[in-house]
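An overview of the molecular structure
Chain by chain, the residues run as shown.
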Amino acid sequence: MRLINVIFGLLLAFCSAVTFAQAIDINTATAAQLEGLKGIGPKKAAEIVKYREANGPFKSVEDLSKVQGVGAKTLTANKDMLMVGGAAMPATPKMPEVPKAAVPATPKMPEVPKAAVPAVPVEPAKQ
């Protein structure tokens, strides 16, 4: 019975680790974080950080293949654990400029004919 409890505990721990594993943003990850990926050691992790600092942020996970030493095998093995910019809030898009000609003019209020307005008799003030 004790063996079953140990096996069940290990299975539960394994499932929890897989469930709570978070993807790594390759634009903000440190070399130490990148070393935790399959097929990436200290040298490749340092190369990834160096490439990112020299060339700016990655636009997609596939851009990681531009780093020397990172190939299709490494990308395929880690694709589910990598993301680009998911941790940061996206920039608020700028509101597009609306051309003046495209905005319709405010319509004028129709004029009320003077005959349609009843005259209000005004009596002189009594003193």
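Summarised in this report is the structure supplied together with it. Remember, it's a predicted structure, so these values are computed and weren't measured experimentally.

In this structure the tally under the stated criterion is 1 aromatic pair. Pairing Y51 with F58 gives two aromatic rings, centres 5.7 Å apart and planes at 15°, and the pair type is stacked. For F58, a relative accessible area of 4% translates into the label buried.

With that out of the way, let us pick up helix α3 (residues 42-55). Given 3.6 residues per turn, any residue in an α-helix points the same way as the ones three and four places further on. Here α3 contains 14 residues, and its C-alpha end-to-end distance of 20 Å stays within 8% of the 20 Å for a straight helix at 1.5 Å per residue. Turning to α3, its buried residues number three or more, namely A45, I48, V49 and R52. All buried residues of α3 lie within an arc of 90° about the axis, which places them on one face of the element. Of the residues in α3, the exposed ones pointing more than 90 degrees away from the buried face are K43, K50 and A54. Packed against the buried residues of α3 are α2 (31-34).

Rules used in this analysis
- Residues numbered from 1 in each chain as written.
- Predicted model: local features only at pLDDT ≥ 70, side-chain atom pairs only at ≥ 80, totals over all residues.
- Heavy atoms only, no water.
- Phe/Tyr/Trp six-rings, centres within 6.5 Å; stacked < 30°, edge-to-face > 60°.
- Buried < 20%, exposed > 50% of the residue type's maximum accessible area, 1.4 Å probe, protein only.
- Helix = DSSP H or I, 4+ residues; strand = E, 2+ residues; numbered from the N terminus.
- Expected span 1.5 Å × (residues − 1).
- Arc of directions from axis to C-beta.
- Contact = heavy atoms within 4.5 Å.

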